[in-house]
Amino acid sequence: MHELRFILLLIIIFIVIYLLGISFSKKIGKSLLFGFIIALAIFQIIIIPMIFLHTTFTFLKITYFSIIILLCILSLFYNRVKIVKPFHSIKFNIKDLPKRTLLIILITVLIVFIQTFIVYKYTHIDEDDAFYVATAVAANETDSMFKYDVYTGEEYSKFPARYVLSPFPILLATLASIVGLHVTILSHTFLPLLLIPLAYFIYVLIASELFRCDYKKVSIFIIVISFLNIFGSYSVYTTSSFLLFRIWQGKAVLANIIVPIVIYLFILLMKYKKKHVNWLMLFLTAFCGSLVSSMGIVLFPVLVGCMGISYSIYSKSIKTLLMSGICCIPCIVYGIIEIILLY
Amino acid sequence: MREMINMVVDTFINFNGNSFYPILFVISILYIIIKKDEKFNKYLLILPSICIILIFLFPITAYVLSKILGAKVYWRILWLIPMILVIAYSLTQTFYNISNKTKKYLILLSFIFLTIFSNGFIFTSDNFNVSENIYKIPNAAIEICDIINEDCTKPKILVPKELLPYIKQYDGKIKMFYGRGAYTIDAKTVYFTMSEEIVDISIVTALSRNNECNYLVFNNNQILSDTPENYGYAFFKQLKNYIIYKLI
């Protein structure tokens, strides 16, 4: 029963993010990624004022779902001709592949599946869930956001400043409520089935650009990444540890999904002439970075700054550095708000 | 300045443990730098990595960022270095660019050796256990919440340390005397008392009653100085590993 609910949630997520993203790309992969960025960015933009206005969780859900549904309907209307087109090329491309390449691709998929399955089937205990998952549960059950201390259940005397600007647990609560899943079940059992493949999917997109869609090389690349992750728990601090131990936590999403997205967007910016969409996506990713973790508010500008400097030297243009700076504005604004809250 | 340098070095050592990944990373960087046809990737992967490493190491930026992030989590800067991406890219390119099969497989074996002997295999029984239920929290936490909620509409409970992280992951409405953090003097006192070899029931029950805690949960292995029934709490339920008392 829970599995059916999760499959339904996956279908809804897939359709929504595709519809959101198809306006910005003709390819399936990019459309899904762009739609994911847009969906998270919209959530972050609307939830922060609502948290400060002490609205109910229900009001947030109604508002968010209304915006998303409206955007999906608009996308369906404006993109009605090109929505299905990208899917026609998949069958064509698969038929063209040599058997050896197909075999390597299958091995790649299998290795990612095995990692995902183990995390789905078995339990890794992490005490940070006492805050993050409990926050999501509290949102669902008390119809409020950051109103009650998740350790005691008493009302907060003052806002938990470090966490209110990164309400990723509330997003999990929102997703769980779509299909009536308990958010702890969603987080611990089912989210790895979505987020671990998503992390590898972003590496597939990166590799497709670096290796010019040579599927064999992309597959080998992913196998090596998998190997490095599977043996990457030499300390509890590594991205691999966070990916395979606790991917449902916002900081794990930051390390394993948001950071690679930023790298991917800079690949697109540096490689292709049409830049407006990619700059827009980078700007929206700042909201995503802030949503998933308070670390994102600081780490996103550091990463974008370093990549912006590099891009600026590569393109011999100061404009790219300025654009990178503009993309960090959401993080700067959230940073200022956090300082005000703390002091 | 010296403190900062020590912090940076300690952070780096703690993050990388005894692994060979930094060595693989340096080799991969050198590969990209040496290769003539890798201009794009020099700017995409190498230059930003060097920038981030410099920011991490430089005492002034380290000081600023450790103040902002918190010194205990300063290591998260290292997440920004695309270490596994660079290693994977270099290895894939090397594998395809080298025509000599012996060299090719020697490099591959070296990589496998260095990775496996980094002592970081994730899927061990230390890291993963068989799930007790679909929530992946102890069954006891679920059972305690369900039993108490059947009895009372607004319970406030005290549980042993091992259950603290799980109660609120199952039930968002239930109140607890304290959770992972004990904020008040009463909560801290009870937390330490509950951690003692022999639990002083007079202190636990008195402070629990003062804080309107109507259910007390003890682990069967905990040694209590007396029975809570002498202090206004009646026996309520015996579970497999826990016993629950209820305020009369």
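1. So, the packing of helix H2 (residues 28-52) of chain A against helix H13 (residues 276-292) of chain A
All names here are of chain A.
- For the pair H2 and H13, the least separation of the axes is 8 Å and the interaxial angle reads 55°. Relative to H13, the element H2 is oriented oblique. By crossing handedness, the relation of H2 to H13 is classed as left-handed. Across from Phe34, Ile37, Ile38, Leu40, Ala41, Phe43, Gln44 and Ile45 in H2, the residues of H13 making contact are Val277, Asn278, Met281, Leu284, Thr285, Phe287, Cys288, Ser290, Leu291 and Val292.

2. Describing the interface of chain A and chain B
- Taken together, the contact between chain A and chain B spans 79 residues of the former and 72 residues of the latter.
- Across the chain A/chain B interface, buried area totals approximately 7300 Å², and carbon plus sulfur atoms make up 71% of it.
- In this assembly, chain A and chain B are joined by three salt bridges.
- Across the pair glutamate 154 of chain A and lysine 156 of chain B runs a salt bridge, and its minimum N-O distance is 3.3 Å.
- Partitioning the side of chain A that touches chain B into residue classes produces 47 nonpolar, 20 polar and 12 charged.
- Relative to strand S1 (residues 129-130) of chain B, strand S1 (residues 122-123) of chain A runs antiparallel, the two being bridged by two bridges. Residue pairing in the sheet places threonine 123 of chain A in a bridge with asparagine 129 of chain B of S1 of chain B.

3. Focus on the packing of helix H10 (residues 215-230) of chain A against helix H6 (residues 101-116) of chain B
- Put simply, H10 of chain A and H6 of chain B touch, their axes get as near as 9 Å, and they point 25° apart. Here H10 of chain A is positioned roughly parallel relative to H6 of chain B, judged by the angle of their axes. Considering how the two elements wind past one another, H10 of chain A and H6 of chain B form a crossing that is right-handed. Judged by residue contacts, Val224, Phe227 and Leu228 of chain A of H10 of chain A engage Phe111, Ile112, Thr115 and Ile116 of chain B from H6 of chain B.
- Across the contact of H10 of chain A with H6 of chain B, the residue classes break down as six nonpolar, one polar and no charged.

4. Digging into unusual backbone geometry
- A positive phi angle, near 55°, is found at aspartate 143 of chain A, a position not held by glycine.
- Considering the arrangement of structural elements, one finds aspartate 143 of chain A in the loop between helix H6 (129-142) and helix H7 (161-164).
- A relative accessible area of 28% means that aspartate 143 of chain A is categorised as partly exposed.
- Of note in the backbone geometry, lysine 136 of chain B takes a positive phi value of approximately 60° without being a glycine.
- Structurally, lysine 136 of chain B can be placed in the loop between S1 and helix H7 (139-151).

5. Re the side chain of threonine 123 of chain A
- For threonine 123 of chain A, the location among the structural elements is in strand S1.
- Of note is the side chain of threonine 123 of chain A, whose polar atom sits 2.7 Å from the side chain of serine 131 of chain B.

6. Details of the pattern of salt bridges
- Evaluation of the coordinates by the stated rule reveals eight salt bridges over all chains.
- Of the charged contacts, one joins aspartate 128 of chain A and arginine 180 of chain B as a salt bridge, the two residues approaching to 3.0 Å between their closest N and O atoms. Placement of the pair is aspartate 128 of chain A in the loop between S1 and H6 and arginine 180 of chain B in the loop between strand S3 (175-176) and helix H9 (185-195), with the two residues belonging to separate chains.
- One network of salt bridges, in which partners are shared, links Asp126, Asp128, Arg246 and Lys251 of chain A together with Arg180 of chain B.

7. Structural notes on the packing of aromatic side chains
- Within this structure, the stated rule accounts for 43 aromatic pairs over all chains.
- With centroids separated by 6.0 Å and ring planes inclined at 25°, the aromatic side chains of phenylalanine 113 of chain A and phenylalanine 117 of chain A adopt a geometry described as stacked. On the criterion of helical spacing, the pair formed by phenylalanine 113 of chain A and phenylalanine 117 of chain A is a turn pair, its members being four residues apart in helix H5 (residues 99-121).
- Here tyrosine 151 of chain A and tyrosine 183 of chain B contribute two aromatic rings whose centre-to-centre distance is 6.5 Å and whose plane-to-plane angle is 45°, an arrangement assigned as tilted. One end of the pair, tyrosine 151 of chain A, is in the loop between H6 and H7; the other, tyrosine 183 of chain B, is in the loop between S3 and H9, on a second chain.
- Under the relative-accessibility criterion, tyrosine 151 of chain A is labelled buried at 14%.

8. Observations regarding H6 of chain A
- For H6 of chain A, built from 14 residues, the straight-helix expectation of 20 Å at 1.5 Å per residue is met to within 8% by its first-to-last C-alpha distance of 18 Å.
- Where H6 of chain A bends most, the angle comes to about 25°, and this point is threonine 135 of chain A.
- With 11 of 14 residues buried, H6 of chain A lies mostly within the body of the structure.
- Three or more residues of H6 of chain A are buried, namely Asp129, Ala130, Phe131, Tyr132, Val133, Ala134, Thr135, Ala136, Val137, Ala138 and Ala139 of chain A.
- Where H6 of chain A is buried, its residues meet helix H3 (57-78), H7, helix H8 (168-179), helix H9 (183-210) and helix H12 (250-271) of chain A together with helix H8 (167-170) of chain B.

9. A word on the sheet that holds S3 of chain B
All names here are of chain B.
- Read across the open sheet, the five strands follow the order S3-S2-S5-S8-S7; overall the sheet is mixed. With one partner strand each, in any of the chains shown, S3 and strand S7 (233-238) form the two edges of the open sheet.
- Examined bridge by bridge, strand S2 (residues 156-158) and S3 share two bridges and lie parallel to one another. If you follow lysine 156 over to S3, its bridge partner there is lysine 175.
- Along the sheet, helix H10 (residues 201-210) makes contact with S2, strand S5 (215-219), S7 and strand S8 (242-247), crossing S5 at roughly 150°.

10. Some points on a nonpolar patch on the surface
All names here are of chain A.
- Residues Met1, Leu4, Ile7, Ile11, Phe14, Ile15, Val84 and Phe87 make up a contiguous nonpolar surface patch of about 770 Å² in total accessible area.
- A per-element tally of the nonpolar patch places helix H1 (residues 2-21) first, with five residues.
- Position of isoleucine 11 relative to the elements: it lies in helix H1.
- The class for isoleucine 11 is partly exposed, based on a relative accessible area of 45%.

So, how was this worked out
- Residue positions are given per chain, counting from 1 as you read along its sequence in written order.
- Working convention: letters from A go to chains and numbers from 1 go to ligands, in the order in which they are written.
- Owing to the predicted nature of the model, reporting of local features is limited to residues with pLDDT of at least 70; listing and counting of side-chain atom pairs is limited to 80 or more, with chain, interface and lining totals taken over all residues.
- Only hydrogens and water are removed before side-chain values are computed, so all heavy atoms of the structure are retained for them.
- All axes here are fitted lines through C-alpha atoms, helices being fitted over the stretch that makes contact, and every angle between N-to-C directions spans 0 to 180 degrees.
- Where helices and strands are cited, they refer to DSSP runs of H or I of at least four residues and of E of at least two residues respectively, numbered from the N terminus.
- Here the word oblique covers every angle except those under 35 degrees (roughly parallel), over 145 (roughly antiparallel) and from 65 to 115 (roughly perpendicular).
- The hand of a helix crossing depends on one turn: near helix anticlockwise from the far one by less than a right angle means left-handed, and clockwise means right-handed.
- What makes two residues a contact is simply this: any of their non-hydrogen atoms within 4.5 Å.
- Accessible-area loss on putting two parts together, using a 1.4 Å probe and summing over both, is the definition of buried area adopted here.
- Put simply, a salt bridge is a Lys or Arg side-chain nitrogen that is within 4 Å of an Asp or Glu carboxyl oxygen.
- The residue classification treats Ala, Val, Leu, Ile, Met, Phe, Trp, Tyr, Cys and Pro as nonpolar and Asp, Glu, Lys and Arg as charged. All others, Gly included, are polar.
- Paired strands are those between which DSSP finds at least two bridges.
- Accessibility here uses a 1.4 Å probe with only protein chains present; expressed as a share of the type maximum, an area under 20% marks a residue as buried, one over 50% as exposed, and anything in between as partly exposed.
- Distance and chemistry together define a polar contact, namely a pair of N or O atoms within 3.5 Å, with one atom able to donate a hydrogen and the other to accept it when in protein, and with adjacent residues in sequence counting only for side-chain atoms on both sides.
- Two rings from Phe, Tyr or Trp (for Trp, the six-membered ring) form a pair when their centres sit within 6.5 Å of each other. Planes less than 30 degrees apart are called stacked, planes more than 60 degrees apart edge-to-face, and all others tilted.
- Expected span of a helix: the number of residues minus one, times 1.5 Å.
- Bend, at a single residue, is the angle you get between axes fitted to the 7 residues ending at that residue and the 7 residues starting at it.
- Residues enter patches when their relative accessible area tops 30% and they take part in no salt bridge; the joining distance is 9 Å for like charges and 5 Å for the nonpolar side chains Val, Leu, Ile, Met, Phe, Trp and Tyr.
- To measure how exposed things are, a 1.4 Å probe is used in the Shrake-Rupley method; for residues, cover is taken only from the protein chains shown.

Any functional reading would require information beyond the geometric quantities listed.
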